[in-house]
Amino acid sequence: PPGLLPAPAPLPLLVYLPGIDGTGLAAYRQFPRLSQAFDLRALFMPPADRTPFTNLVQQVKALLSSELERCGPSRPVYLLGESFGGLMALALATELPAVDRIILVNPATSFS
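Residues numbered from 1 in each chain as written. Predicted model: local features only at pLDDT ≥ 70, side-chain atom pairs only at ≥ 80, totals over all residues. Heavy atoms only, no water.

Chemist: Hey, could you go over the packing of aromatic side chains for me, with residue numbers and the actual values?
Modeler: Counting across every chain of the model gives 3 aromatic pairs. Here the aromatic rings of F53 and F84 are separated by 5.7 Å at their centres, their planes lie at 80°, and the arrangement is edge-to-face. Of this pair, F53 sits in helix α2 (residues 53–71) while F84 sits in helix α3 (residues 84–95), and the two are 31 residues apart along the sequence. Residue classification places F53 among the partly exposed residues on the basis of a relative accessible area of 31%. Using a relative accessible area of 17% as the deciding quantity, one classes F84 as buried. (Phe/Tyr/Trp six-rings, centres within 6.5 Å; stacked < 30°, edge-to-face > 60°. Helix = DSSP H or I, 4+ residues; strand = E, 2+ residues; numbered from the N terminus. Buried < 20%, exposed > 50% of the residue type's maximum accessible area, 1.4 Å probe, protein only.)

Okay, here's the thing in structure tokens:
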């Protein structure tokens, strides 16, 4: 009908990948503000979970792949990795071509 505004474009998807504690407590106070500009998803990993890194990357890749199928190819996708999550963001970006941007916060990348 005339006078209706078009549906707003979907917000870019921002996936927060936490540090080794898996909780995201270090960044949670910034989530409300980030949620104004992004469709924010935060990964929670139980601190007692000792899944090997490569398995964890594959599990998160599967979750993201199913979400990306629903989003469509035109929606921007950002990975925000903090510390250990920075390593995961880098690994996921090599596996998921739909990732547009990687944001690394104090990434744990200085280990061989």
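Chemist: Describe the side chain of R75, and please don't skip the residues or the numbers.
Modeler: If you trace the backbone, R75 turns up in the loop between α2 and β3 (77–82). Residue R75 is classed as buried on the basis of its relative accessible area, which comes to 11%. A polar side-chain atom of R75 sits 2.7 Å from the main-chain carbonyl oxygen of L11. Polar side-chain contacts of R75 include one of 2.5 Å to the side chain of D39. In contact with R75, other than residues within four places in its own chain, are P10, L11, P12, L13, D39, E67 and D100. (Polar contact = N/O pair within 3.5 Å; in protein donor to acceptor, adjacent residues only side chain to side chain. Contact = heavy atoms within 4.5 Å.)

Chemist: Can you break down α2 residue by residue, with the values?
Modeler: Along its 19 residues, α2 runs 26 Å from first to last C-alpha, staying within 8% of the 27 Å computed at 1.5 Å per residue. Listing the buried residues of α2 in full gives L56, V57, V60, L64, E67, L68 and C71. Along the axis of α2, the buried positions cluster into a sector of 100°, meaning they face one direction only. What points out from α2, more than 90 degrees from its buried face, is the exposed set T54, E69 and R70. Against the buried residues of α2 lie β1 (13–17), β2 (39–42), β3 and α3. (Expected span 1.5 Å × (residues − 1). Arc of directions from axis to C-beta.)

Shape is all these values report; function is a separate question.
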